[in-house]
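# Descriptive analysis of the structure
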Amino acid sequence: MSVGDGDRDRLPAPLRSPRQELADSTAHGEVYLRRLRHAQLQLSLLALVAFGAVFGVLPLALYLLPALGRLHLLGVPLTIWIMLVPLSPLFIAIGWLYARRADALDAAFRDLVEK
Amino acid sequence: MIALAAIGAVTLGTLGLGAWGVRFARTTSDLLVASRSVTPWWNAAAISGEYLSAASFLGIAGLELKLGASALWQSLGFTAGYLALLLFVAAPLRRFGSYTIPDFVEARLRSPAMRPLASAIVLLIGGFYLLPQLKGAGIALQAVTGAPYWTGVVIVAVIVAVNVAIGGMRGITYVQAFQFWIKVFAISVPACVLLIHFGGLPDRVALFGRRLPTAAARGVVVRLPGAERVQFPAAARITVGGRVLSVSAGARRTLPGGVDIRIPAATVMPVAEGTPAQTGAQWSRPVSGSGASSPLLVYSLLVATFLGTMGLPHILVRFYTNPDGHAARRTTVRVLTLLGLFYAFPAVYGALGRALTPQLYLTGQTDTVVLTLPRAAWPGTVGTLLGAVTAAGAFAAFLSTSSGLLVSLAGTISHDVWPRLRREPPTSVAVRRRRFRAAALTAMIIPALLALLAGSIDISILVGWAFAIAASTFCPMFLLGVWWTRLSARGAGAGMIVGALIATAAILTGLALGDPETTVAGALLAQPALVSVPAAFAVMIAVSLRGSATTAASAEMLALHAPEGLGLRLADDDLDAARDRGDSVITGR
């Protein structure tokens, strides 16, 4: 998931720094960058799955459970509340957590290269 | 009158701010370097300001009034689209540093030959998206002043075209951020005041219970603009131009225009053809077995909005005003917050409109509910004032979105289409500027003509098509181009062509057949994203894999994914300098 020390051990011991490898776009440099790209993509897909597990399933759940519409809260059907209130905070929460992790992956990569 | 004054004030304020702002932004890099000191909150407000269009301001409430709670999926999809943008493209696209989608396509795929195709798709999406903005302007001016539909279309088309041509509204961050807060104010304050005035939602039986919408306690008098086919869901006895008309349940009649139609209290409202007559329980179901709320149609709409947002031509350039990829992510999270705030309110108008202005079901002008509700529900000074506020907000929505779109369209025409048609070498700055102006004026003509013809199609449906085409073309190109090294120019081109053809053909077929949403095939014709998006992905991958596997695209991947501050990438100032030496698309210089 992250570009940490464990990952680095598996690379052949670099005689040149990762920064040089990247700047000269050598095979080693590409490996470093590919690791970052794959870690970022994994993180994005994980966030997408979290999003899909709630929002993607919701239309089907509301379709299969019409009884939810008969439950009322303050005179408004529960389905309407579900559509209006909790989803936006869910998007923000997923987005915020994702952005934090993605920045952390970038920072780990930066440490690796600058070392 | 007050409403007209408010519209005028917003229009002049917008034009004035744009003209004032542009004086400080002489060249492309001035504009962008200045923008780079902007905080993520300002940037997020600017992105949201350019994004919230007639569809968000009028369309969602109108569609909710007409079809029911299933319209709320649209606002959720419009917000979720920024989550997709955040997860997959925000930071890489910012780091790549392309201003426009054709720029990105050419640079990432190393293929100048792909530019014309990308430009054509930009024109297709932009045109489809401009259309509902102009339609909104037409019905808004009609609702506020009673002027014919075409006047609003023509007036806004001319104002926006001239303003873009003379250089105002060039995507100045602060102007767009200002527009966002105008729109939030204009949608939230009247909604809250009306809710407090009525002590919550009135007439809940018609909203959530067993009843159909009925005329209010004092009866309703309606005047149709022209003769119209109307359906009576229940037996009724109404007065048409002084003559009593008795009809049985389920009858269809053509009612004349220009005369008073009096519907007595507690009579079930007749509905215009094409508007379903639903009980409150049916209306308030977000997903049901048939029609516009069938699960298939809901999923197809969600795919289109979730994936289409990243492919809208006027959004990408806004991300360039972030200083780096990290800030692009932070900005996008804030956009999610701001859009969530805005989209809490349109639903209120749909629900209040169903209870308080059911005459819109008879006239079929459900898209005007945000504009007409305050005055109709609360006659007197307060209602008039609130109506003026929503009208001003609606005009802010038309102006900001259509200006952003027109800048993209005119840039594409003057930069890509015109020189290619004339096969000429690069020209001077003055020639390019003149050409951009001509393009801005001409690019408005076709959408304006189409808007005059599209009077009867809902704003939300029109916008849904723009999203469907964007999701079937640019979205797969971005996702694969950013994350998959083997995407080839040929594959991307074939996939975008297939996606655009399927989506456009389905939409046009559905339009020709008319009202097809009752069957599975009909639902997919109305909203084709569920088919066209996977098809575009499949073609892109298949064609790319069949080609030779030489493209590792390592330089492009470095530009897309390497974090800033490592000395590995060209600094933005160098990029800007390169761009100013060459030619910049977005500002038409």
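Because the structure is a prediction, the values reported are computed rather than measured.

All names here are of chain B. An order of β1-β6-β3-β4 is seen for the 4 strands of this open sheet, with the pairing classed as antiparallel. Looking at which strands have only one partner, the edges of the open sheet turn out to be β1 (220-223) and β4 (243-247). Across this sheet, the average inter-strand angle for adjacent strands is 25°, counted without regard to direction. Bridge count for β1 against strand β6 (residues 260-263) is 4 bridges, and the pairing is antiparallel. Along β6, the bridge assignment pairs V220 with I263.

Turning our attention to the nonpolar core. Residues and elements named next belong to chain B. A391 and L406 are the most contacted members of the largest nonpolar core, which totals 222 residues. Counting residues per element, this core draws most heavily on helix α22 (residues 459-483), which supplies 18 residues. In contact with L406, not counting residues within four places along its chain, are V160, A161, V164, A440, A443 and M444.

All names here are of chain B. Within the secondary structure layout, A388 lies in helix α19 (residues 381-422). Spatially, the C-alpha atom of A388 lies 42 Å from that of A521, the residues being 133 residues apart in sequence. With residues up to four places along the chain from it excluded, the contact list for A388 reads I2, A3 and A6.

Facing the 43 residues of chain A at the interface are 40 residues of chain B. Only α2 (18-23), α3 (27-56), α4 (58-64), β2 (76-77), α5 (78-84) and α6 (87-114) of chain A provide two or more residues apiece to the side of chain A that touches chain B. The leading source of residues in the side of chain A that touches chain B is α6 of chain A, at 15 residues. Split into classes, the residues belonging to the side of chain A that touches chain B amount to 29 nonpolar, 8 polar and 6 charged.

What follows concerns the confidence of the model for chain B. Residues and elements named next belong to chain B. On average, chain B scores 83 in pLDDT, and the residues at 70 or more come to 88%. In this model residues 26-35 is a low-confidence stretch, pLDDT under 50, and it forms 19 contacts with partners more than four residues away in sequence or in other chains. Across the interface, the model reports ipTM at 0.86; the global pTM reads 0.87.

The next subject is the environment of N322 of chain B. All names here are of chain B. Within the secondary structure, N322 sits in the loop between α14 (316-319) and α15 (325-342). Since 24 C-beta atoms lie within 10 Å of it, N322 is described here as buried. Discounting chain neighbours no more than four positions away, the residues touching N322 are N43, R94, A327, A328 and T331.

Residue and element names in this part refer to chain B. Ordered by their spatial adjacency, 3 strands build an open sheet running β5-β2-β7, and the pairing between neighbours is antiparallel. Either end of the sheet is taken by a strand with one partner, and the two such strands are β5 (252-255) and β7 (271-272). As paired strands, strand β2 (residues 228-231) and β5 are joined by 4 bridges and run antiparallel to one another. Bridge pairing in β5 links V230 to R253.

Glancing now at the packing of helix α5 (residues 72-88) of chain B against helix α13 (residues 295-308) of chain B. Residues and elements named next belong to chain B. Packing of α5 against α13 brings their axes to within 6 Å, and their N-to-C directions diverge by 35°. Judged by the sense of rotation from one axis to the other, the crossing of α5 with α13 is right-handed. Residues W73, Q74, G77, F78, A80, G81 and A84 of α5 pack against V298, L301, L302, T305, F306, L307 and G308 of α13. Classifying every residue of the contact of α5 with α13 by side-chain character gives 9 nonpolar, 5 polar and no charged.

Each value, and the rule that gives it
- Residues numbered from 1 in each chain as written.
- Chains lettered and ligands numbered in written order.
- Predicted model: local features only at pLDDT ≥ 70, side-chain atom pairs only at ≥ 80, totals over all residues.
- Pairing = 2+ DSSP bridges.
- Helix = DSSP H or I, 4+ residues; strand = E, 2+ residues; numbered from the N terminus.
- Axes fitted to C-alpha atoms, helices over the stretch in contact; angles between N-to-C directions.
- Core = buried A, V, L, I, M, F, W, Y, C linked by C-beta atoms within 7 Å.
- Buried ≥ 20, exposed ≤ 12 C-beta atoms within 10 Å, placed from the backbone.
- Contact = placed C-beta atoms within 7 Å.
- Nonpolar A, V, L, I, M, F, W, Y, C, P; charged D, E, K, R; others polar.
- pLDDT = per-residue confidence, 0-100.
- Left-handed = near helix turned anticlockwise from the far one by under 90°.

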